[in-house]
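# Fold and contact review
In case you want the letters, here they are:
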2 protein chains.
Amino acid sequence: MFGLYWADEGGLPAGDRGAAYGDGLFETIRMHGDRGVLLSRHLERMVRDAGRLSIPLANADLRKACTAAIARYSGRFTGQESDRGWVLKLTLTRGEGGRGYQPGPGIRPNLIASASPLPAPPPGSGVFADFSRVPLTVNPLFAGIKSLNRLEQVMAAREIEDDLFEVLMSDTNGDLIEGTRTNLLLKVREGWITPPVKVLAVAGILRQWLLERLRARGESVMECALSIEDVMGERCQGLYLLNSVMGVVPVRRLAGQDLPADDGLATIFNPLELLE
Amino acid sequence: MFGLYWADEGGLPAGDRGAAYGDGLFETIRMHGDRGVLLSRHLERMVRDAGRLSIPLANADLRKACTAAIARYSGRFTGQESDRGWVLKLTLTRGEGGRGYQPGPGIRPNLIASASPLPAPPPGSGVFADFSRVPLTVNPLFAGIKSLNRLEQVMAAREIEDDLFEVLMSDTNGDLIEGTRTNLLLKVREGWITPPVKVLAVAGILRQWLLERLRARGESVMECALSIEDVMGERCQGLYLLNSVMGVVPVRRLAGQDLPADDGLATIFNPLELLE
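Residues numbered from 1 in each chain as written. Chains lettered and ligands numbered in written order. Predicted model: local features only at pLDDT ≥ 70, side-chain atom pairs only at ≥ 80, totals over all residues. Heavy atoms only, no water.

As recorded by an unreviewed UniProt entry, chain A carries the name Aminotransferase class IV and is attributed to Marinobacter aromaticivorans. The UniProt entry for chain A carries the following text under Sequence similarities (unreviewed entry): "Belongs to the class-IV pyridoxal-phosphate-dependent aminotransferase family." (UniProt positions renumbered as here; feature names shortened; annotations may be inferred.)

### Looking at empty space enclosed by the protein
Taken as a whole and judged by the stated rule, the model has 2 cavities of 30 Å³ or more. Of the volumes computed, that of the largest cavity is approximately 460 Å³. Along the walls of the largest cavity sit 28 residues, with Thr137(A), Asn149(A), Glu152(A), Asn149(B) and Glu152(B) positioned nearest its centre. When contributions to the lining of the largest cavity are tallied by element, the ones reaching two or more residues are α4 (151–157) of chain A together with α4 (151–157) of chain B. The residue makeup of the lining of the largest cavity, split by class, is 14 nonpolar, 10 polar and 4 charged. (1 Å grid on protein atoms, 1.4 Å probe; cavity = no way out; pocket = protein on both sides within 12 Å on 5 of 7 lines; lining within 4 Å. Points joined across faces, edges and corners; volume = space filled by probe spheres on them. Helix = DSSP H or I, 4+ residues; strand = E, 2+ residues; numbered from the N terminus. Nonpolar A, V, L, I, M, F, W, Y, C, P; charged D, E, K, R; others polar.)

### A word on the pattern of salt bridges
Where side chains of opposite charge bring their charged atoms close, a pairing between them can arise. Residues and elements named next belong to chain A. The tally for this structure, following the rule as stated, stands at 34 salt bridges over all chains. Linking Arg72 and Asp8 is a salt bridge whose minimum nitrogen-to-oxygen distance equals 3.2 Å. You can see Arg72 sitting in helix α3 (residues 59–73) and its partner Asp8 sitting in the loop between β1 (3–6) and α1 (17–21), a full 64 residues away along the chain. With a closest N to O distance of 2.7 Å, Arg94 and Asp23 form a salt bridge. Of this pair, Arg94 sits in the loop between β4 (86–93) and β5 (110–117) while Asp23 sits in the loop between α1 and β2 (24–32), and the two are 71 residues apart along the sequence. Of the residues examined, Arg94 reaches a relative accessible area of 3% and is grouped as buried. Classification of Asp23 as buried rests on a relative accessible area of 0%. Through salt bridges with shared partners, a single ionic network connects Asp8, Glu9, Arg72 and Arg76. (Salt bridge = Lys/Arg side-chain N within 4 Å of Asp/Glu carboxyl O. Buried < 20%, exposed > 50% of the residue type's maximum accessible area, 1.4 Å probe, protein only.)

### Description of the sheet that holds β4(A)
Residue and element names in this part refer to chain A. Strand order in the open sheet formed by 5 strands is β1-β5-β4-β2-β3, and the pairing between neighbours is mixed. Each edge of the open sheet is held by one strand with a lone partner, namely β1 and β3 (35–36). With 2 bridges connecting them, β2 and β3 associate as antiparallel partners. Bridge pairing in β3 places His32 opposite Arg35. Here α3 sits on the sheet in contact with β1, β2, β4 and β5, set at roughly 140° to β4. (Pairing = 2+ DSSP bridges. Contact = heavy atoms within 4.5 Å. Axes fitted to C-alpha atoms, helices over the stretch in contact; angles between N-to-C directions.)

### Regarding the domain arrangement of chain A
Residues and elements named next belong to chain A. By domain assignment, chain A separates into domain 1 (3–117) and domain 2 (127–269). Here the C-alpha centroids of domain 1 and domain 2 sit 25 Å apart. At the interface, 22 residues of domain 1 touch 20 residues of domain 2. The junction of domain 1 with domain 2 conceals about 1,700 Å² of combined surface from both sides, 63% of it contributed by carbon and sulfur atoms. Broken down residue by residue, the surface that domain 1 buries against domain 2 is led by Phe26, Arg41 and Arg45, which jointly contribute 34%. Put simply, Arg41 and Glu212 hold a salt bridge, and the shortest N to O gap is 2.7 Å. (Domains from an automatic or database assignment. Buried area = accessible area lost by both parts, 1.4 Å probe.)

### Some details on the pairing of strand β10 (residues 191–194) of chain B
Residues and elements named next belong to chain B. Pairing analysis gives 3 bridges linking strand β9 (residues 183–188) to β10, with the strands arranged antiparallel. Residue Leu186 lies in a different strand from β10, and its bridge partner there is Ile193. Taking the residues that link successive antiparallel strands as the turn, the β9-β10 hairpin has 2 residues. Taken together, the 3 bridges between β10 and strand β11 (residues 221–223) define a ladder with parallel strand orientation. Residue pairing for β11: Trp192 is matched across the bridge by Val221.

### Some details on the side chain of Glu159(B)
Residue and element names in this part refer to chain B. Tracing the backbone through its elements, the reader meets Glu159 in the loop between α4 and β7 (164–170). When its relative accessible area of 14% is taken as the criterion, Glu159 is described as buried. Of note is the side chain of Glu159, whose polar atom sits 2.7 Å from the side chain of Ser132. Filtering out sequence-adjacent residues up to four positions away, Glu159 remains in contact with Ser132, Arg133, Val134, Leu164 and Val167. (Polar contact = N/O pair within 3.5 Å; in protein donor to acceptor, adjacent residues only side chain to side chain.)

### Some details on the layout of surface pockets
Approximately 1,200 Å³ is the volume attributed to the second largest pocket. Taken together, 50 residues form the lining of the second largest pocket, with Thr28(A), Lys89(A), Tyr21(B), Arg99(B) and Gly100(B) sitting closest to its centre. Elements represented by at least two residues in the lining of the second largest pocket include exactly β2, α2 (39–52), β4, β5, β8 (176–179), α5 (205–216) and β12 (238–243) of chain A together with α1 (17–21) of chain B. The residue makeup of the lining of the second largest pocket, split by class, is 22 nonpolar, 17 polar and 11 charged.

Right under this line is the structure:
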C-alpha cells in the first residue's frame, strides 16, 4: 500500500523521491462527473509501468484510491461548466528515503491526487504547431513510461508561444517522435504512420486505443520511424496530435506551412462514449 | 528570490514542479562544521546550470540561503562524529504551477535545504565496482547538469548490492560515461583519460577541480571517449571514481577482474584543505 496525499492539502514530504529524483510516474485522466475516459486503461498502465520501475502497486489499492479521489474532487466541477469535465492527476512516487539514489528497503510509495478544470477544447478546424529545438532522448529501458523525468518536455513546452498549440520533438537522429504532451499520427495514402512504442517518451492511452480502433476497421497502421520530410512533404494527408485529455487534434499549420487537415478522425474518438 | 523550505519541517507544496516533472537541480556539499569543501564552486555551478534551465537564481540570494542553512544544520553534527563532517543538500525547483509542462509566468522557484551525516569513507585500498545494465542517455542540451531527472541513476543504483560500491554506466553506443554518483578518471601511461563534459549526465565539481590540479602539475589529461576495453585492458594503470562528498576512490576490482589500484591520487585531494 502507499501513502495518500491530497494536492489541495499540500504537504508532500520534502524528502520524497519524486521531488528529489523524479523517481515515479503519473497519469492524467479526463473525467466527466464521477466517470473517467478510458479509466481502466490509465490505471492498468500505471500499475504495469510502476512494475517496470520496481515500484510496488496493487491494482486494487490504486482503484480504491482513485475512487476516493473521484469522491473528493468530482463535486467541485459542477454547474455550468460540468459538461466540460475535469482532469484527475495521479502521481505515484517511490516514497521517501534511501541512501542517495538507492531506495531504502521496504520503502513505501506515495500517491498524490490532484484535480483541475478541463482545458478549453482546441478548435476542430486544427491547430498551429512547430518543431522544437529541444532534442528528445529516450532511454530504451523506460520507453513509453509517463515518468516524472520530464525536463525535456518542460524545456520544449517553453517554446509554445503566441498561437502555437504544440511543438514536435525529434530524437538525436532527427526522427520525429512526439509532441511535448501529444503522440503523433500521420495519414498517408496507404494508411497511418506513428512512431513505435520503443522510441516514445510517453506511449499515450489514446494512441493505443486509436490504433486498435483503426486496425479493427481494417485500416493499415504502420508503427515505424517518421521523418520531417514525411510530414512536410506531399505524402502527408493529415497530421494528428493525440492526447487523452484533449482528444484527436488535427494540425492545420506546421512550421509556417499549411497541412491538409480535417477533423474526420476526431469523430472516431468520442470521449463521452468511453466513460467508465 | 525563491521560497525556502527546510527538509526537516516537511511540507513541500504537492504541486511543486520538482515533484511533478523533476523540474529543477541540486547540489550536495561536503561540510565540516560551518565550512564547505569547494563551496563556491558548488554554488556557482547551481547558479550557472539554473540559468541553463531558465530558472532565475541570483548568486547573492543562494549564498544567503546557504548561510542560513549552515547556521541551522551545522550544530546538529558535533561531538565525536564531528571530524567526519556532514552533507548539505540544496535542491532548487522551478516552483509551483503552470499549465502542465508549461511554467506559469512569474513563477517563483523553491529551494529545499536538507542535511545528513557524512557517509563512512570508502577504504583507501579501493572498492569493488561492476558494469550497470541500465544504459545512460544524456540530452546534449542538459549535459552535465545535476538535474532532478535521475531515474536512470536510481534504477542503476538498485544494482549496487553486496560488496559493490558503484556500478558504471555506458551510453547506448557502449562508451563508458560515469558511475551512478561518480565521474570516472582513468590512469594510462600517457596521462589521464576522462569522458568530456558534453557526454556526461553530471559534470562533477571534484572532477573539474582535479583536472585543473593535474594540468597545473603538468600532467596530460585527455577528455575523450572511454571504452570498456580501455578500462579492462592492459592500458589501465588505475581507475578512479570521483565524488565531491566521498573524494577520490580507487577501483580495486571491476566486474570480477582485479585492477591496478593505489590511493596516490587521493593525496592530491584533501578535502580539509579546501574548506571555505
